[in-house]
Each structure stands twice: as structure tokens, then as C-alpha cells.
Amino acid sequence: WEFNGSFYQPSAFLMMGIPGLEALHLWISIPFCALYLIALLGNCVILFIIKKTQSLHEPMYYFLSMLAVTDLGLVLCTLPTTLGIFWFNMRRIGFDACLTQMYFIHILSFIESSVLLAMAFDRFVAISHPLRHSSILTKTTVMKIGLAIILRGMVSLLPIPFLLKRLTYCGKTELSHSFCFHPDIMNLACADIKVNVFYGMIILLSTVGMDFIFIVLSYILIIKTVISLATKEECLKALNTCVSHICAVLVFFIPMIGLSMIHRFGKNVPPLVNTLVAYTYLIIPPALNPIIYSIKSSHIREALLRALWRK
């Protein structure tokens, strides 16, 4: 413990694996390794295919590249501590290292939410204004959107580590997960955390919450446009271009909303449920997104087959 008058701060936190199943951590690590490997290889393949295939150099695939980079970042943030616990029981993480990991996990989560919104906007423009799509979403515009997404995540979350460092901690130093979350760290403090709770809620609602609302509005407008199309075949063809994105949105937002609700209102939720929802939120989307887009996007599938054929 670091002591400064009445101010106490732990030098480190203790992370948690899967509660009640500590004896099985080595076996449990096998599916986790498989998911991490799928996420790393899948997203790298997506990036390679888009970079090497000239016909994929368009807004939809630029945004998909951003999604793949974000997913890789999330995987690399959680992989060392998660597998460190499962393989070597390395539970200890330094206070500043924990805040750093937490900052990047939350930034990448916010960026992923914003990228999914940008992809929804791309689908809306492509379906509602197909002739103007290339003039509205130029390469410059896509780059500006990407830069704005990164800056929004970095700036909005910048105060969070400092708000945590000002708190006095006492008693338990054991976290609920094998990685660091803001609500998890905050709840270990024995000081007044109203500012942290209020700021965290405001930022979550004004970023991820607004992103989700605008994604829903985009699909309402898309459905309205699709209904006005002349034939059933045209309707199905238009909607088919959105299936991958809808799956990615559901895979990301459902566990994220569930985890946020558990941290804020689920005091009586079993620790195992909390842990499983957290792993679902941070590991499943990076592993599933490349599979979803490889299966549903004929352009990516064809480019991948051509690359394999050359090999």
C-alpha cells in the first residue's frame, strides 16, 4: 500500500479467472486459445484481403478494416492477462498497468461502437442514394470519420484514469475479471464515487448509447427505402447487404448492454454470470466478426479464394 496522510492506494490489484472453476483453468484455456487464435488470424486475413484486392477499396470495406483493427486491439489488450491467469495463475497487476489496460479496453469498445454506426450510415447511403454513394463517402470523408471516431473515444475517456487515481482504496483489491473495467475498479474504493458513476454513465449514454440509437434509426430508414422498391427480389438483395452488419451489431451490443447493467444494477447476480458476460463481450465479437463477413460477403470470399488459389 502507498500511504499519504489519509490517502491509500494499492500498489496492485488481484485479477480473477472464472470463479469456482480455478482447478479447471488449464482446460478452460483451450477454447479461449482457440477464440483468440481465430480472432487474430481472422482479422489479419480480412485486413490482408482488403489491402491486396483493389476492388475492395471502397467505403464499406474501409470501415470493415477499421472494425478489424479495433477487434485486434481488443484481443491484444485482454489476451496477456487472461492467458496469464489460466496458464500461470499470474493474478497480480500493477495499479497503473491496470488503469492503462482499462483505458484502452474502453477506448477500443467505444471505437467499435462508432465504427458500427459509420457502417450503418454507409449501408443507408448505399441503399437510399446509390448513385451518390461514391461522391458522399469519398476516401477523404472516410478518413475524417475514422479520425473523428478515434478522437472521440480518446478525449471522452481521458478523465477516467485520473478520476480513479484520486480515490482512496481500502479493503478488497480483488477484481471481478481477468482484465480491468472502470466500474470494477471504482467499486473497490472506499471514497465517494458519485463523480465516477455520474461521468461514466454520461459518457456511456452520450457515445455508445447514441451510437445504438442512430444505428436503429438508420435501419428504420433503410427498411422504409427497401419497402418502396418495386420488386421482392430488389428488396431481398438490398437487405442481404445488411445481414453481416446486423449480426456484428447484435454480437457487440447485446453483451455490452448486459455487462453494463450487471455492473450497475446486478448486485445479486452470481459472479460466474458476470464473468461469462464479460468474456462474451470482449472475446466473442473479435472472433465472430471476420467469420460473419467472410461467409456473407461474396466479394471477400472470392478474394480469399483467389489468394488461396495463388498460394
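The name an unreviewed UniProt entry gives the protein chain is Olfactory receptor, with Sagittarius serpentarius as the organism. One UniProt comment on the protein chain, placed under Sequence similarities (unreviewed entry), says "Belongs to the G-protein coupled receptor 1 family."

Asker: Can you lay out the side chain of N274 for me, pointing to particular residues and giving the numbers?
Answerer: Position of N274 among the secondary structure elements: in helix 11 (residues 271–296). A residue is classified by how much of its surface remains accessible, and N274, at 11% relative accessible area, is buried. In this structure, N274 is in contact with S176, H177, L259, I262, H263 and V269, ignoring residues within four places of it in sequence.

Asker: With reference to specific residues and values, describe the UniProt feature "transmembrane region" (unreviewed entry) in the protein chain.
Answerer: UniProt records the feature "transmembrane region" (unreviewed entry) for residues 24–50, 62–88, 100–121, 142–164, 197–222, 243–264 and 276–295 in the present numbering. With 100% helix and 0% strand, the stretch residues 62–88 has end C-alpha atoms that lie 39 Å from each other. Helix makes up 100% of residues 197–222 and strand 0%, whereas the separation of the span's terminal C-alpha atoms amounts to 36 Å.

Asker: With reference to specific residues and values, describe the pattern of salt bridges.
Answerer: Taken as a whole and assessed by the stated rule, the structure comprises four salt bridges. The shortest N-O distance in the salt bridge between R91 and E174 comes to 2.3 Å. Residue R91 is located in the loop between helix 2 (59–88) and strand 4 (92–94), and its partner E174 is located in the loop between helix 6 (159–165) and helix 7 (182–186); the two are separated by 83 residues in the primary sequence. K165 is paired through a salt bridge with D96; the nearest N and O atoms lie 3.0 Å apart. Here K165, found in helix 6, pairs with D96, found in helix 3 (residues 95–128); they are 69 residues apart in sequence, far enough to count as distant. Residue classification places K165 among the partly exposed residues on the basis of a relative accessible area of 33%. Note on D96: relative accessible area 47%, which makes it partly exposed.

Asker: Can you break down helix 3 residue by residue, with the values?
Answerer: Counted at 1.5 Å a residue, the expected span for helix 3 with its 34 residues is 50 Å, and the 50 Å between its end C-alpha atoms agrees. Judged by how many residues are buried, helix 3 sits mostly within the fold: 28 of 34 residues are covered.

Asker: I'd love a proper account of the state of the cysteines, names of residues and values included.
Answerer: Within this structure, the stated rule accounts for two disulfides. The side chain of C98 participates in a disulfide bridge whose partner is C180; the two sulfur atoms lie 2.0 Å from each other. Across the disulfide from C98 to C180, rotation about the S-S bond amounts to roughly -120°, and the bridge is consequently left-handed. Remark: C180 occurs in the loop between helix 6 and helix 7 and C98 occurs in helix 3; sequence separation between them is 82 residues. For C180, a relative accessible area of 0% translates into the label buried. Across the disulfide, C170 is cross-linked to C190 (sulfur-sulfur distance 2.3 Å). Of this pair, C170 sits in the loop between helix 6 and helix 7 while C190 sits in the loop between helix 7 and helix 8 (194–227), placing them 20 residues apart in sequence.

Asker: Help me get a handle on the packing of helix 3 against helix 5 (residues 139–157), residues and values and all.
Answerer: Look at helix 3 against helix 5: their axes get within 9 Å of each other, and the N-to-C directions meet at 145°. Viewed along their axes, helix 3 and helix 5 form a crossing whose handedness is right-handed. When helix 3 is examined against helix 5, the residues Y103, H106, I107, F110, I111, S114, V115 and A118 are found in contact with a partner set consisting of I145, I149, I150, R152, G153, M154, S156 and L157. The class makeup of the residues in the contact of helix 3 with helix 5 is 11 nonpolar, four polar and one charged.

Asker: Kindly report on the packing of aromatic side chains, identifying the contributing residues and their values.
Answerer: Evaluated as defined, the whole model comprises 14 aromatic pairs. Here F32 and Y279 contribute two aromatic rings whose centre-to-centre distance is 4.8 Å and whose plane-to-plane angle is 75°, an arrangement assigned as edge-to-face. Placement of the pair is F32 in helix 1 (residues 25–52) and Y279 in helix 11, with a sequence separation of 247 residues. For the pair shown, F32 and Y279 are each scored as buried. An aromatic cluster of three or more residues is present, and its members are F32, F86, F179, F181, F212, F252, F253, Y279 and Y281.

Asker: For the side chain of D71, give the residues involved together with the corresponding values.
Answerer: Relative to the assigned elements, D71 resides in helix 2. We note that D71 is buried and unpaired, the nearest opposite charge coming from R152 at a distance of 15 Å.

Calculation notes
- Residues numbered from 1 in each chain as written.
- Predicted model: local features only at pLDDT ≥ 70, side-chain atom pairs only at ≥ 80, totals over all residues.
- Heavy atoms only, no water.
- UniProt positions renumbered as here; feature names shortened; annotations may be inferred.
- Helix = DSSP H or I, 4+ residues; strand = E, 2+ residues; numbered from the N terminus.
- Buried < 20%, exposed > 50% of the residue type's maximum accessible area, 1.4 Å probe, protein only.
- Contact = heavy atoms within 4.5 Å.
- Salt bridge = Lys/Arg side-chain N within 4 Å of Asp/Glu carboxyl O.
- Expected span 1.5 Å × (residues − 1).
- Disulfide = S-S within 2.5 Å.
- Axes fitted to C-alpha atoms, helices over the stretch in contact; angles between N-to-C directions.
- Left-handed = near helix turned anticlockwise from the far one by under 90°.
- Nonpolar A, V, L, I, M, F, W, Y, C, P; charged D, E, K, R; others polar.
- Phe/Tyr/Trp six-rings, centres within 6.5 Å; stacked < 30°, edge-to-face > 60°.
- Lys, Arg positive; Asp, Glu negative; His and termini not counted.

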